[in-house]
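# Examination of the molecular architecture
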Amino acid sequence: GTGKTTTKRKKPKARSIEPSTDERNKFLVTNIDLTSNGHGLARLIRDKLSPYGKDLKIFVERTHPHRRVRNGAVELLIMIEDWQRMLDDLNNGPAEKGIIFEGRRLRVSRALGDKRDRLFPRLDYEDRAAIQLDTEAIYACTDQALADRISELLRGILSAGLDGREAGMAPDRDDAGGPRPSD
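Report on the accompanying structure. (Residues numbered from 1 in each chain as written. Predicted model: local features only at pLDDT ≥ 70, side-chain atom pairs only at ≥ 80, totals over all residues. Heavy atoms only, no water.)

When we look at a pair of aromatic rings, we describe it by the centre distance and by the angle of the planes. The full count for this structure, using the stated rule, is 0 aromatic pairs. The ring of Tyr125 carries Arg110 above its face, with NZ or CZ at 4.1 Å from the centroid. (Phe/Tyr/Trp six-rings, centres within 6.5 Å; stacked < 30°, edge-to-face > 60°. Lys NZ or Arg CZ within 6 Å of the ring centre and 35° of its normal.)

What follows is the structure, encoded as structure tokens:
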């Protein structure tokens, strides 16, 4: 040997929660305003959840370049035994038990620990669990927040009574690709 040693570089840890890497329970905090930067959110969540469990880890992903909370949702891990009581207190209990951030009561639900949590954060746990995505769909699927923005844009265009040319879209065509007959 030449005396040189090589070391393998460790892969950086993923920021999302992997289903089998942790014994802590996985949860999703949603209903965060999509325009929020989430300043102070992790501290608030930590304060509200500390009576229920220990070893809390919070993941707040932000968009670039605007630094907004991605998809209006936060992932977290916590060692907890009575998670059902925690969910009931936070979601259905009096306001002082809930997580109120920027005037909104946030929702807490169990998380799957995979991409379905990020694509469909506002769906209940059971509904997210029922969604089956193959490897292609995982990358081709639009998340709820972006889909809502696209829908709002299209609704605005349609409610303004604009046709496709005025909105900067391709001219109207019939299903066969030819121009539509005039009215």
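Next comes the rest of the description.
Another point: the environment of Ala145. Positionally, Ala145 belongs in helix H6 (residues 144-159). We classify Ala145 as buried; its relative accessible area is 6%. Separated by 23 residues in the primary sequence, Ala145 and Arg122 have C-alpha atoms spaced 9.2 Å apart. In this structure Ala145 touches Leu34, Asn71 and Arg122, once residues within four positions along its chain are discounted. (Helix = DSSP H or I, 4+ residues; strand = E, 2+ residues; numbered from the N terminus. Buried < 20%, exposed > 50% of the residue type's maximum accessible area, 1.4 Å probe, protein only. Contact = heavy atoms within 4.5 Å.)

One open sheet accounts for 5 strands, arranged S2-S3-S1-S5-S4; its pairing is antiparallel. The outermost strands of the open sheet, each flanked by one partner alone, are strand S2 (54-59) and strand S4 (99-101). Each strand of the sheet is rotated relative to its neighbour by a mean of 30 degrees, with strand direction disregarded. Against the sheet, helix H1 (residues 41-49) contacts strand S1 (25-30), S2, strand S3 (74-79), S4 and strand S5 (104-110), and its axis sits at roughly 165 degrees relative to S4. Relative to the sheet, helix H2 (residues 83-92) contacts S1, S4 and S5, its axis offset from that of S5 by approximately 160 degrees. (Pairing = 2+ DSSP bridges. Axes fitted to C-alpha atoms, helices over the stretch in contact; angles between N-to-C directions.)

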